[in-house]
Amino acid sequence: MKWVLTLLAASACVLSSCNSDKDIYDPNYNPELNITVPEGFDWSTTQKLTVNVEVNDEYNGKYYYAVRVYDKAPAEGVLPVAASGGVTGEMPFSQEVVIPATVSKLYVAQVFKNANASEVVTVKEVAIDGAVINCSFATGSKARSAFSRNDYADYAELVNGAKIEDGKKGALKKYIITEGQTYTLGKNVENVDIVVLGTLQLSKDVTFTRSEIEVKGTIQGEGYSIHFAGKEGKKDDDDDDEKECFEFDNEGSIYLKQLTINGLAELENEGYIEVGTLNIEQNSKLENDEEDGEGGCIIANTVIIHTNKKVKLNKRSYLSCEEMNVNTASNETVIEMKTGAWLRVGTFAINGNQKCLIKADGKKVTKSDYVALAQIKKIDASGLTTEEKILVECSDVKQGAVIESLTENASGQITIVGSVCSGSFDDEEVTGTPVCTYALEDVEVDKGDYDMNDIVVAVTSTVYSPSKKTWTIEGQVLAAGATNKLVPYFQYGNMGDNKVYLFEEKGAVYEKFGFSGTPVPVNTEASDGKEAKYIPFSVVLSGVEANPQLDVLNFGMEVEDGKEEISWLADGRGANARAIQITALFKYPKERMRITDAYPEFGTWVTSGKARGMNWYDNPVEECVVTPNLGK
């Protein structure tokens, strides 16, 4: 502050004669700019908002919605300033955004992703009126309502203490466990039809014979097993010659040590199953999702397939296990995967000389050549064949296996849209920040001329990857008006040693412009300066937490001889305007042209505490500024 005090001393009489009530020393007064800077002024052209979004959850929490927030109308190539792919009715969206202070409305998108990764997008325009923005897509009712007791009027209610009686062959006894009710079962049952809206708690291993189970609530039995035995099956009302399977239909949640499906029985799963061992025996069926359903999840340690029936993994379904063993008497076991299905296996094995085919059925996933994804760590099965439209990610394949589409890394080749229980693959919501310019000044604080062009850097693109926690910053160095050797860097926040320099070989900007020797101003239209092409750059900041905003994107410069260091977050504060962040492609002042002369509304913007002159940078005195041309 040496230069501030010297100038103030020289003009003390003038100040006192003009305003006898004003203190001679004002720490917020900047004599070079002839303005008083409000205390704590941050020299940014942004506003910070909290955005809360409620989605219209038509699936009662089963699937994730994405929410994207834009500061301009959504279009191809426009990234949202904030986004999340994990939003439901019970988990609403709430994030902070930092956008240009001149923006008066936001565009908020609710996105539902189909099994083939196509999107259903609904956009609302929301006016900015205060620091908190609330947006709701909810319609007041669910498109898919929960089941109620009235749907099962002829079912006897099971409460603890009530006994289950076996039915007769062809005449199943009907029972229901209502929502909020828990019933404990510790016996084998035959010829029953049980609907679980509440909780079925097992107290021992249980066998269901010639029975139907419909789960919309929960079966709790982590230490126990269910053996679901169809036995001889039941007659199909539409075809006297065909035997229907007894159905174990799950749309809720099941937790077991072991689940065995035996005989003419079928497991249809559109909900969530967590089990130690899943055993699909001869003549039984596994359909992860009903034929027209989607989103069933099965997580197991071991899956054993003995059946000669087709195993179906339907749209958006997910099956994960450490081991999958195929052991059937049929010539070939078929696993059919529909659009967006996802199979994750540790070791895939086939017993003896038997064969297994993994085939595709359905349309390809959007922007992909494949229908479904199979991630298998080790294929220990020479009898395995996979069709071309099944993308198989595996690095350990036994000789003899025929894998038509094999890769060691499936990333970038297919998008799998998950659900709340399965997550997703290669389906992240990337975000960006508005275009901005950093203009830094006063390499030596006692020699400032406030033309804000000692270094000028335009950030034209940012992309944040939440899965990698990386923030890619791209842009161009436009000018360097300093006569020192400057070394520019970016930083996530103001965190000491985590600097990432703009150039791989840390070096001065003057040299990167192609010059050597003593630096002179470049691209500032100085009489003793030089002209050069802009310097493009691309840097990657690592370890960045979710949805970073412009207020934590720090830009700085080191002076190569160690005299000084300036950074936006450290020095873009207080009375000294040594670093400014402008949310636009900035027309920067020419050499030795003060910013207050180049931009008449700049002083108003500062002294009013940003209440007026918010778009000062749109109204320069054209002959006093340099207009960037990014094609240069």
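Draft legend 1. Spotlight on a nonpolar patch on the surface. Together, Val435, Leu585 and Leu630 give the surface a local cluster of nonpolar side chains, amounting to about 200 Å² of exposed area. Mapped onto the secondary structure, Leu585 falls in the loop between β47 (579–582) and β48 (588–589).

Draft legend 2. Broad picture of the packing of aromatic side chains. Following the criterion strictly, the structure yields 27 aromatic pairs and no others. Measuring from centroid to centroid gives 6.1 Å for Tyr438 and Phe490, while their planes differ by 75 degrees, and the two rings are edge-to-face. With Tyr438 in strand β39 (residues 436–440) and Phe490 in strand β42 (residues 486–492), the pair connects residues that are 52 residues apart, well separated along the chain. The residues Tyr438 and Phe490 share a single accessibility class, namely buried. The ring of Tyr489 is capped by Lys499, whose NZ or CZ atom sits 4.6 Å from the centre of that ring.

Draft legend 3. Broad picture of the side chain of Thr407. Positionally, Thr407 belongs in strand β36 (residues 406–407). Here the side chain of Thr407 touches Gln413 through a polar contact of 3.1 Å, side chain to side chain. In this view, Thr407 contacts Leu391, Val392, Glu393, Cys394 and Gln413; residues no more than four positions away in its chain are not counted.

Draft legend 4. A look at the nonpolar core. Val477, Phe490 and Phe602 are the most contacted members of the largest nonpolar core, which totals 68 residues. Among the elements that line this core, the one with the most residues is strand β40 (residues 455–465), at 6 residues. Apart from residues lying up to four places away in sequence, Phe602 is in contact with Leu33, Ile35, Trp43, Ile580, Ile595, Thr596 and Trp616.

Draft legend 5. Examining the confidence of the model for the chain more closely. Per-residue confidence for the chain gives a mean pLDDT of 87, with 87% of residues at or over 70. Below a pLDDT of 50 lies the segment residues 1–27, which in the model reaches 23 contacts outside its immediate sequence neighbourhood of four places, other chains included. Between residues 141–145, whose pLDDT stays under 50, and residues either more than four places distant or in other chains, the model counts 8 contacts.

Draft legend 6. Focus on the state of the cysteines. For the structure shown, the criterion picks out 1 disulfide. Residue Cys297 pairs covalently with Cys421 via a disulfide, S to S 2.1 Å. Every disulfide takes its handedness from the sign of the S-S torsion; for Cys297 and Cys421 that torsion is 80 degrees, giving right-handed. Separated by 124 residues along the polypeptide, Cys297 in strand β26 (residues 297–305) and Cys421 in the loop between β37 (416–419) and β38 (423–425) bring together distant segments of the chain.

Draft legend 7. Geometry of the environment of Trp43. Position of Trp43 among the secondary structure elements: in the loop between β2 (35–36) and β3 (46–54). A residue is classified by how much of its surface remains accessible, and Trp43, at 0% relative accessible area, is buried. Through-space distance from the C-alpha of Trp43 to that of Gly609 is 9.8 Å; in sequence the pair is 566 residues apart.

Conventions we followed
Here the residue numbering is sequential within each chain, running from 1 through the sequence in written order. Side-chain atom pairs in this predicted model are given and counted only at pLDDT of 80 or more, local residue features only at pLDDT of at least 70, and totals for whole chains, interfaces and linings cover all residues. For side-chain calculations, the full set of non-hydrogen atoms in the structure is used, while hydrogens and water are omitted. What makes a patch is a set of residues exposed beyond 30% relative accessible area and free of salt bridges, joined within 9 Å when like-charged and within 5 Å when nonpolar (Val, Leu, Ile, Met, Phe, Trp, Tyr). Calculation of accessible area relied on Shrake-Rupley with a 1.4 Å probe; when residues are assessed, cover is drawn exclusively from the protein chains displayed. When a carboxyl oxygen of Asp or Glu is within 4 Å of a side-chain nitrogen of Lys or Arg, the pair counts as a salt bridge. Secondary structure elements are defined from DSSP: runs of H or I of at least 4 residues count as helices, runs of E of at least 2 residues count as strands, and each element is numbered from the N terminus. Stacked, tilted and edge-to-face are the three classes applied to pairs of Phe, Tyr and Trp rings, where Trp contributes its six-membered ring and a pair requires centres within 6.5 Å; stacked means planes under 30 degrees apart, edge-to-face means over 60, and tilted covers the rest. The buried label applies to any residue whose accessible area, calculated with a 1.4 Å probe on protein chains only, is under 20% of its type's maximum; exposed applies above 50%, and partly exposed to all values in between. Look at NZ for Lys and CZ for Arg. If either is within 6 Å of the ring centre and within 35 degrees of the ring normal, a charge sits over the ring. Polar contacts, as used here, are pairs of N or O atoms within 3.5 Å; protein pairs need one atom able to donate a hydrogen and one able to accept it. Residues neighboring in sequence count only if both atoms are side-chain atoms. The contact rule is simple, with two residues in contact once any of their heavy atoms fall within 4.5 Å. What is meant by a nonpolar core is a set of buried Ala, Val, Leu, Ile, Met, Phe, Trp, Tyr and Cys residues, joined one to another through side-chain atoms within 4.5 Å. A residue's pLDDT is simply how confident the predictor is in it, with values from 0 to 100. Disulfides are defined as pairs of cysteine sulfur atoms found within 2.5 Å of each other.

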